[in-house]
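# Secondary and tertiary structure notes
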Amino acid sequence: MARPKIALIGAGQIGGTLAHLAAIKELGDVVLFDIAEGIPQGKALDIAESGPAEGFDGSFKGTNDYADIAGADVCIVTAGVPRKPGMSRDDLLGINLKVMKSVGEGIKAHAPDAFVICITNPLDAMVWALQQYAGLPANKVVGMAGVLDSARFRHFLATEFNVSMRDVTAFVLGGHGDTMVPLARYSTVGGIPLPDLVEMGWTTQESLDAIIQRTRDGGAEIVGLLKTGSAFYAPATSAIEMAEAYLRDQKRLLPCAAYVDGALGLEGMYVGVPTIIGAGGIERVVDIKMNADEQAMFDKSVDAVKGLVDACKGIDPTLA
Ligand SMILES: NC(=O)c1ccc[n+]([C@@H]2O[C@H](COP(=O)([O-])OP(=O)(O)OC[C@H]3O[C@@H](n4cnc5c(N)ncnc54)[C@H](O)[C@@H]3O)[C@@H](O)[C@H]2O)c1
Ligand SMILES: O=C(O)C[C@H](O)C(=O)O
């Protein structure tokens, strides 16, 4: 059977890391697309030349022509601009919305059967716009953020409790912005929910609150350190986890920015929710129950996403 084809739209920091990870995991043949001439070609060749030492097979092509993504099984979109210190993700809306239009049209024309994972910020509004521009079924277009935010939460928790990260689960839902919702009650160490761990005296509520705030500020913390761009290793790993779930029909339960119409009291919008990813794309949105405090935080985050979507419609009235 032919290897799956993975198209990476955007060959910058995340795009290059995605290509390298896809190579090492032998997920399929990779096409790196970018408007910058030479960058996708150079990165593709560099990664291909690491194959003999690493021991992977596969083809790696860099291109500036959308025709080369034809027939892709998965498209991962990182095209656009990252923020700099002092900026919020929302400041990228105007510039990256234009990018989503051209990327959506490229995918529509050349890879209409792909499972599309959007990473470009501000994430929830950009994945909504990308789905509109590409016109693909909503279950085949999803945004990556919750896996990353949950991974950050898990890392901070594992450090706090001095346990393996493998034994920590976490759920961060809502929009990928300052209002994101790390859910302590649905996050565990060895299956024990975080509030119980506070009661057991293994940590304090103050420490837990500080970790939750650090998770919310996780992207800005990296931007503040790097100064010239934003995180790329953990974002790329997170998107590869989602792509692998689709390509290998793993039925993973992952928090993603998915189209929700009915579950969690939402009507027809993209926001971070628990999903099942398998060969059918987003096969299910898991309709979890929240208590009053969690629901209030989630509602606030949903409102923030709606505001960004309205701003997109204001910029481009062709968006429904
Ligand atoms: N969702 C998340 O959790 C998450 C995490 C990290 C970064 N991001 C976002 O991902 C995006 C990419 O980040 P990065 O670090 O890879 O940035 P980067 O600047 O390193 O790479 C972006 C690439 O996009 C290319 N590009 C710009 N316009 C294009 C177009 N019209 N068509 C094709 N390519 C185009 C650029 O040439 C560049 O190579 C940013 O918007 C960033 O905010 C999101
Ligand atoms: O913070 C950013 O601007 C990039 C990304 O959304 C992240 O969370 O790392």
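Predicted, not measured: the structure shown is a model, and the values here were computed from it.

## Remarks on the UniProt feature "domain: Lactate/malate dehydrogenase C-terminal" (unreviewed entry) in the protein
In the UniProt entry, the feature "domain: Lactate/malate dehydrogenase C-terminal" (unreviewed entry) is given for residues 148-306. Secondary structure content for residues 148-306 is 45% helix and 21% strand, while the C-alpha to C-alpha distance between its ends is 22 Å.

## Observations regarding the domain arrangement of the protein
Examined at the domain level, the protein breaks down into domain 1 (5-144) and domain 2 (146-313). Contacts between the two partners involve 41 residues from domain 1 and, on the opposite side, 46 residues from domain 2. Interface of domain 1 and domain 2: buried area, both sides summed, is about 3,600 Å²; carbon and sulfur atoms make up 73% of it. The three residues of domain 1 that bury the most area against domain 2 are Asp-124, Trp-128 and Met-144, which together make up 20% of that side's buried surface. Linking domain 1 with domain 2 are one salt bridge. A salt bridge links Lys-25 to Glu-244; its shortest N-O distance comes to 3.3 Å.

## Points about the site of ligand 2
In the vicinity of ligand 2, the contacting residues are Arg-83, Arg-89, Asn-121, Leu-148, Arg-152, His-176, Gly-219, Ser-230 and Ala-231. Between Arg-89 and ligand 2, the recorded distance is 2.7 Å, taken from a side-chain N or O atom to an oxygen atom. Measuring from an oxygen atom of ligand 2, one finds a side-chain N or O atom of Arg-152 at 2.7 Å. In the complex, the protein chains occlude 95% of the 260 Å² of accessible area that ligand 2 would expose alone. Considered class by class, the residues forming the shell around ligand 2 number two nonpolar, four polar and three charged. Looking at which domains feed residues into the shell around ligand 2, each of domain 1 (5-144) and domain 2 (146-313) gives three or more.

## A short note on the sheet that holds strand S7 (residues 168-169)
The three strands lie next to each other as S7-S10-S11, forming an open sheet whose pairing is antiparallel. Either end of the sheet is taken by a strand with one partner, and the two such strands are S7 and strand S11 (192-193). Taken together, the two bridges between strand S10 (residues 188-189) and S11 define a ladder with antiparallel strand orientation. Across the sheet, residue Thr-188 finds its bridge partner in S11, namely Pro-193.

## Digging into the pairing of strand S14 (residues 281-285)
Pairing of strand S13 (residues 269-278) with S14 involves four bridges; the strand directions are antiparallel. Of the residues in S14, the one forming a bridge with Ile-276 is Arg-284. Remark: two residues form the turn of the hairpin made by S13 and S14, two consecutive strands paired antiparallel.

## Looking at helix H11 (residues 292-315)
End to end, H11 covers 35 Å across 24 residues, agreeing with the expected 34 Å (1.5 Å per residue, within 8%). Considered for burial, the residues of H11 that qualify are Glu-294, Phe-298, Ser-301, Val-302, Val-305, Leu-308, Val-309 and Cys-312. One side-chain oxygen at the N-terminal end of H11 lies 3.2 Å from the backbone nitrogen of Asp-293; it belongs to Asn-291.

Reading the values: rules and limits
- Residues numbered from 1 in each chain as written.
- Chains lettered and ligands numbered in written order.
- Predicted model: local features only at pLDDT ≥ 70, side-chain atom pairs only at ≥ 80, totals over all residues.
- Heavy atoms only, no water.
- UniProt positions renumbered as here; feature names shortened; annotations may be inferred.
- Helix = DSSP H or I, 4+ residues; strand = E, 2+ residues; numbered from the N terminus.
- Domains from an automatic or database assignment.
- Contact = heavy atoms within 4.5 Å.
- Buried area = accessible area lost by both parts, 1.4 Å probe.
- Salt bridge = Lys/Arg side-chain N within 4 Å of Asp/Glu carboxyl O.
- Near = heavy atom within 4 Å.
- Polar contact = N/O pair within 3.5 Å; in protein donor to acceptor, adjacent residues only side chain to side chain.
- Areas by Shrake-Rupley, 256 points an atom, 1.4 Å probe, with all protein chains shown as cover.
- Nonpolar A, V, L, I, M, F, W, Y, C, P; charged D, E, K, R; others polar.
- Pairing = 2+ DSSP bridges.
- Expected span 1.5 Å × (residues − 1).
- Buried < 20%, exposed > 50% of the residue type's maximum accessible area, 1.4 Å probe, protein only.

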